[in-house]
Amino acid sequence: MHTWNVLAEDPLLSVIVPVFNEAHHIDAVLERICRVAVRKELIVVDDASSDGSWERLVALQRHYEGASDCKWQLIRLPFNRGKGFAVRVGIAAAAGKVVLIQDGDMEYDPADYPALISPIFAGKTRVVYGNRFGCGSKASYWWHRYGNGLLTVTGNWFLGGQLSDLHTGYKVFDAELLRSLSLKEDRFGFDSEITAALCKLGEVILEVPVSYSPRSYAQGKKIGARGLLDTLRVYCHFGIRRRLQMVWT
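Residues numbered from 1 in each chain as written. Predicted model: local features only at pLDDT ≥ 70, side-chain atom pairs only at ≥ 80, totals over all residues. Heavy atoms only, no water.

1. Describing the sheet that holds strand S5 (residues 127-131)
Filter applied, for reference: Here the rule is simple: two strands pair whenever DSSP picks up at least two bridges between them. Numbering of helices and strands runs from the N terminus; a helix is a DSSP stretch of H or I covering at least four residues, while a strand is a stretch of E covering at least two. Here an axis means a line fitted to C-alpha atoms, over the contact stretch when the element is a helix, while the angle between two N-to-C directions is reported on a 0 to 180 degree scale. Throughout, a residue-residue contact means that at least one pair of heavy atoms, one from each residue, lies within 4.5 Å.
Spatially, S3-S2-S1-S4-S6-S5-S7 is the arrangement adopted by the 7 strands of the open sheet, whose pairing is mixed. The outermost strands of the open sheet, each flanked by one partner alone, are strand S3 (71-76) and strand S7 (206-209). Within this sheet the neighbouring strands show an average axis-to-axis angle of 20 degrees, counted without direction. As judged from the 3 bridges shared by S5 and strand S6 (residues 171-174), these two strands associate in the antiparallel manner. Paired with Val128 across the strands is Val172, a residue of S6. Its contacts with the sheet place helix H7 (residues 189-201) against strand S4 (98-101), S5 and S6, and it is angled at close to 40 degrees to S6.

Structure, rendered in structure tokens:
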């Protein structure tokens, strides 16, 4: 595990956490984020939760803002718009030079932040993805693992990429690069759209292993058939245009 000595001149990390009905998990997630010794701001976007998540967020902000040096922003959307929309709202509010997207559940461990951000801080790359299927990750459901593998192969074929885990929830960006992308997907298609936009630019995406503890649908996992269809639609849209351009040129 990477260690990190926080310095005043370190670039500010903006951590964007989209939240929808995560009242049972959000306390533990945000507590872990606050423990990570990096210079950071926390931007939590509540996507019109109805399970008490917003009330928990307000209470957590009051607790941690006086007990840590992490700046908080809480944003509540008036009605549910989807993960992609919530992340875009967070991007618009971010002040950091580096932006990290963190899901509001317990599948990903913020202890991996130093490993994820250090290549960008060192100027080695502008984009880092966490690879869930490397060393240190717990076994996921077989259908989830193989389904992700199939989607990754499909995405690489359409986009001309060579990634091992296209649909990881841990994505880290140079903020200036991220804001330059034209992103429009409101729901789970956002993850595919952002990768497609980076591949179109020829951006190098560095992958680092991260720990991963998958949860079941009974525990609150949300992505389903609609997310799969959104993913395939985005890949087809970008991939067909890419291949037509290859033919025309």
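2. Topic: the pairing of strand S1 (residues 13-19)
To be explicit about the condition: Whether a residue is buried, partly exposed or exposed follows from its accessible area with a 1.4 Å probe, protein chains only, as a fraction of its type maximum: under 20%, in between, or over 50%, in that order.
Within S1, 7 of the 7 residues are buried, which leaves it mostly tucked inside the rest of the structure. Inspection of the sheet shows S1 paired to S4 by 4 bridges, in the parallel sense. Across the sheet, the residue bridging to Ser14 is Val99, located in S4.

3. Concerning the environment of Val17
Here Val17 shows up in strand S1. Separated by 29 residues in the primary sequence, Val17 and Asp46 place their C-alpha atoms 8.4 Å from one another. Those residues in contact with Val17 that sit more than four places away from it in its chain are Ile26, Leu30, Ile33, Leu42, Ile43, Val44, Val45, Gln102, Asp103 and Gly104.

4. Some words on helix H2 (residues 53-65)
For clarity, the threshold we go by: A helix is expected to reach a length of 1.5 Å times the quantity of its residues less one. For this quantity, the arc is that covered by the directions from the helix axis to the C-beta atoms.
In a regular helix each residue adds 1.5 Å, so 13 residues correspond to 18 Å; H2 covers 18 Å between its end C-alpha atoms and thus fits that length. Listed in full, the buried residues belonging to H2 are Ser53, Trp54, Leu57, Leu60, Gln61 and Tyr64. End-on view of H2: buried residues confined to an arc of 120 degrees, all on one side of the axis. Relative to its buried face, H2 has exposed residues pointing more than 90 degrees away, namely Arg62 and His63. In this structure, the buried residues of H2 make contact with S1, helix H1 (26-35), strand S2 (40-46) and S3.

5. Thoughts on the nonpolar core
Quick reminder of the rule: Here, nonpolar core refers to any group of buried Ala, Val, Leu, Ile, Met, Phe, Trp, Tyr and Cys residues whose side-chain atoms link them within 4.5 Å.
Of all hydrophobic cores here, the largest spans 33 residues; its most connected members are Val17, Leu30, Leu42, Trp72, Leu100, Tyr113 and Leu116. Put simply, the parts of the chain that give this core at least two residues each are S1, H1, S2, H2, S3, S4 and helix H4 (113-121). It is H1 that provides the largest number of residues to this core, a total of 5 residues. If sequence neighbours within four positions are ignored, Leu100 has contacts with Leu13, Ser14, Val15, Ile16, Tyr113, Leu116, Ile117, Tyr170, Lys171 and Val172. In this structure, Ile16, Ile43, Val87 and Phe158 belong to the second largest nonpolar core, which totals 30 residues.

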